[in-house]
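Here's the letter readout for the chains.
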Amino acid sequence: MIATIQYKSRKLKIDLSLPLDLSIPITGKSTNVNAWYLDPPKITPEVMDGEIISVANGAVVNFNTISFNPHSHGTHTETVGHITEEMYSINQHLKQFFFLAEVVTVAPEKLGDDYVISRKQLQFALGNKKRDAIVIRTMPNTREKFSRQYSNTNPTYLLEDAADYLKSKAIKHLLIDLPSVDKEQDGGELLAHNAFWNTSGKFRLDATITEFIYVSNKIKDGKYMLNLQIAPFENDASPSKPILYKIIG
């Protein structure tokens, strides 16, 4: 399934039969990836009139109720509405879904008691490339990222000037394999979120941040087409399924 995409003045070919999935799924297990001090998500059969509605219990259908928080329990994509009083829905503001993306791998730098991603690192990774989206893979990169419990661990985060640099590069979509682009406990400053979405000026309503991705070590750094898929939630954030496609030739 070869598709040719007219991207500005270029024609790019991708093979739709070879998707590279960046998402971490939501499960009903205690080992589900987690952050922000919440219990694990729940996926359980609904109970009606004392009867469990599942085929295993004699019902004709499975009828599960799912309880989760998109920010805590898996790959999600969010708008500026995540940090504003007014609710900007991801379903209303993400209207295009294919983007030219650059995958970069970063080894976080030590800064005091923290590990951070700096402007200098992103400048080195992107150079003069012009992209719609950036996909950041942090090192070390193990499958523990599918089950890690991040609460109270002070994970790696972006420095404010790193997020500001991405904004200056006209990067509209920031994807990262961490629970947040900001420090776990920062007194509510959310410096990277605010810088990327330009909340001190005109809000970047069409810009998104996607957190809790996983970029396999089999995926090389470089240029890809990104298909940023969301569920149609009228909310500041939605579970999402970012898919990369290698550009052929």
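From a predicted model like this one, the values you see are computed outputs, not experimental measurements.

> Got a minute to help me understand the overall build of the chain in this structure?
Each helix and strand counted, the chain has four helices and 17 strands in total. A principal-axis box enclosing the C-alpha atoms of the chain has dimensions of 60 × 50 × 35 Å. For the chain, buried positions account for 45% of its 249 residues. About 12,800 Å² of surface is accessible on the chain, with carbon and sulfur atoms providing 53% of the total. Within the chain, the 28 negative side-chain charges are centred at a point lying 13 Å from the centre of the 28 positive side-chain charges.

> Even after reading the chapter, I still don't get the pairing of strand β14 (residues 173-176), so can you show me in this structure?
Within a regular strand, side chains alternate between the sheet's two faces. Of the two faces of β14, the one lined by H173 and L175 and the one lined by L174 and I176 are each fully buried. Pairing between strand β12 (residues 133-138) and β14: four bridges, direction parallel. Paired with I134 across the strands is L174, a residue of β14. The pairing of β14 with strand β15 (residues 208-211) spans three bridges and is parallel. By the bridge assignment, H173 is partnered in β15 with T208.

> Explain the environment of P40 to me, please; I cannot follow it from the model alone.
Along the chain, P40 falls in the loop between β3 (20-21) and β4 (42-45). By relative accessible area, which is 32% here, P40 ends up partly exposed. Each C-alpha atom, one on P40 and one on M87, is 26 Å from the other, the two residues being 47 residues apart in sequence. Every residue in contact with P40, bar those within four places of it in the chain, is listed here: K29, S30, N34 and H73.

> Even after reading the chapter, I still don't get the pattern of salt bridges, so can you show me in this structure?
Counted by the stated rule, this structure contains eight salt bridges. Residue D21 pairs with K241 through a salt bridge whose shortest N-O separation is 2.7 Å. Pair noted here: D21 is in strand β3 and K241 is in strand β17 (residues 237-248), with a separation of 220 residues, a long-range link. With relative accessibility at 35%, the residue D21 sits in the partly exposed group. Two residues, K172 and D206, come together in a salt bridge whose shortest N-O distance is 2.8 Å. Within this pair, whereas K172 is found in the loop between α3 (160-168) and β14, its partner D206 is found in the loop between α4 (191-197) and β15, the two being separated by 34 residues in sequence. According to the relative accessible area criterion, K172 is partly exposed, its value standing at 30%. Overlapping salt bridges, with partners in common, bring together E102, K129 and R131 in one network.

Thresholds, definitions, all that
Residues numbered from 1 in each chain as written. Predicted model: local features only at pLDDT ≥ 70, side-chain atom pairs only at ≥ 80, totals over all residues. Heavy atoms only, no water. Helix = DSSP H or I, 4+ residues; strand = E, 2+ residues; numbered from the N terminus. Buried < 20%, exposed > 50% of the residue type's maximum accessible area, 1.4 Å probe, protein only. Areas by Shrake-Rupley, 256 points an atom, 1.4 Å probe, with all protein chains shown as cover. Lys, Arg positive; Asp, Glu negative; His and termini not counted. Charge placed at Lys NZ, Arg CZ, Asp CG, Glu CD. Pairing = 2+ DSSP bridges. Contact = heavy atoms within 4.5 Å. Salt bridge = Lys/Arg side-chain N within 4 Å of Asp/Glu carboxyl O.

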